[in-house]
Amino acid sequence: MSTKRIGIHAGAPNAEASLDLMRRAEAAGAQAAWLTTGGTGLDALTLFSAAAVQTDNILFGTSIVPTYPRHPIVVAQQAQVIDQLAPGRLRIGVGPSHRPPMRAMFGFNLRAPLTNLREYLQILRALLQEGSVDFDGQEYTAHASISRPVNVPVMASALQEGSYELCGELADGAISWVSPAVYLRDKALPAMRRGSDQAGRETPPLIAHAPVCISTDSDATRLAVQQQLSNYPRLPFYQQMWAAAGYPEAAEETWSDGMIEATVFTGDADTVGEKMVAMLDMGIDELLVTPVTAGDDPAADMEQTIRLLGKVAQSL
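Since the structure is predicted, the reported quantities are computational estimates derived from the model, not experimental observations.

Participant: I would appreciate a short explanation of the pattern of salt bridges in the present structure.
Facilitator: Once their charged atoms are close, side chains differing in charge can pair, the charge on each being opposite to the other. Using the criterion set out here, one finds 15 salt bridges in the structure. Between arginine 5 and glutamate 286 there is a salt bridge, with its nearest N and O atoms 3.6 Å apart. Residue arginine 5 is located in strand E1 (residues 5–9), and its partner glutamate 286 is located in strand E12 (residues 286–291); the two are separated by 281 residues in the primary sequence. On the basis of relative accessibility, which here comes to 31%, the residue arginine 5 falls in the partly exposed class. Lysine 311 serves as the salt-bridge partner of aspartate 270, at 4.0 Å between the closest nitrogen and oxygen. Of the two residues, aspartate 270 is situated in helix H11 (residues 269–281) and lysine 311 in helix H12 (residues 298–315); the sequence distance between them amounts to 41 residues. One salt-bridge network, in which partners are shared between bridges, spans Glu16, Asp20, Arg23, Arg24 and Glu303.

Structure, rendered in structure tokens:
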């Protein structure tokens, strides 16, 4: 039986719309729902607590919970609730986020984001999976225990090779974001293998984020990407990633046609489905799809994307 999965980023303007999207994705056959906690938006773990009693089988994943504003013991408290309501269905993804929003909103300066992430992973994995933690580090102190260990994998966001190596060494998986397939193949996967080899462990899975736009209208696709994914080329970490992938024009802080072609799955439904399968065949364990709607009827575009995800998932 295949262990490869297709998941959907289930973000929506409000809680009920997000829950509805998760219910529809599960009914269509998608295997996972992912949510991001960012800015002052809705809290992913709270939403998953509600989804746990409204769905039956779909897996949940955070992509991501930012580390700096929330101590890992607090995340462990929340994770226990969801695991009790939906045993074995939650996966926690954490990450340091990016300097501009962390500094502007919370006043954190991200002095050592990889050290922060390393300590966060050590604390959270120990507390959840072993049942207790005693840790004194540079960024965190944690001394706590829970009633029993829980089956919650702890993954991390990754963008540069250093973070992929860290995931290979310590995490239960790595989660990419808006990264071209060539970058994941040539940079991310080898870095994860280096990290796991150094730690003497099996390489954990890579969950690849994939923006999907089912459209054959290149102008409409370009406009949709520029509007719905506008923030990423403005962030230095993403600019560096695209430059390493062969797209230095990301420094211009906007999407080029080359960046769109390399990063976003576009075309008719059959073509997009083939691209999704090809990505998985490249050595990716799971796709985390963000729907990008380019037509005059966004609801119809979303429904078409959900149906495609279920179709591809059932074919694996």
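Participant: So what exactly am I meant to see when it comes to helix H1 (residues 15–28) here?
Facilitator: Each turn of an α-helix holds 3.6 residues, which means side chains three or four residues apart point in the same direction. Under the 1.5 Å per step criterion, the end-to-end length of H1 is 20 Å for 14 residues, consistent within 8% with the ideal 20 Å. If you check which residues of H1 are buried, you get Ser18, Leu19, Leu21, Met22, Ala25 and Glu26. Seen from one end, H1 has its buried residues packed into an arc of 155 degrees, which puts them on one side. Of the surrounding secondary structure, the elements contacted by the buried residues of H1 are E1, strand E2 (32–35), helix H2 (44–52), strand E3 (59–62) and H12. Where H1 starts, the residue carrying a side-chain oxygen 3.3 Å from the main-chain nitrogen of glutamate 16 turns out to be asparagine 14.

Participant: What exactly am I supposed to notice about the pairing of strand E10 (residues 206–214) here?
Facilitator: Across a regular strand the side chains alternate sides, sitting on one face of the sheet and then on the other. Judged by how many residues are buried, E10 sits mostly within the fold: nine of nine residues are covered. A two-sided burial pattern is seen for E10, the buried positions comprising Leu206, Ala208, Ala210, Val212 and Ile214 on one face and Ile207, His209, Pro211 and Cys213 on the other. Pairing analysis gives two bridges linking strand E9 (residues 174–175) to E10, with the strands arranged parallel. Bridging from a neighbouring strand, alanine 174 pairs with leucine 206 of E10. Relative to E12, E10 is paired through six bridges, and the arrangement is parallel. In the strand pairing of E12, proline 211 is matched with threonine 290.

Here is what the cut-offs are and how they apply
Residues numbered from 1 in each chain as written. Predicted model: local features only at pLDDT ≥ 70, side-chain atom pairs only at ≥ 80, totals over all residues. Heavy atoms only, no water. Salt bridge = Lys/Arg side-chain N within 4 Å of Asp/Glu carboxyl O. Helix = DSSP H or I, 4+ residues; strand = E, 2+ residues; numbered from the N terminus. Buried < 20%, exposed > 50% of the residue type's maximum accessible area, 1.4 Å probe, protein only. Expected span 1.5 Å × (residues − 1). Arc of directions from axis to C-beta. Contact = heavy atoms within 4.5 Å. Polar contact = N/O pair within 3.5 Å; in protein donor to acceptor, adjacent residues only side chain to side chain. Pairing = 2+ DSSP bridges.

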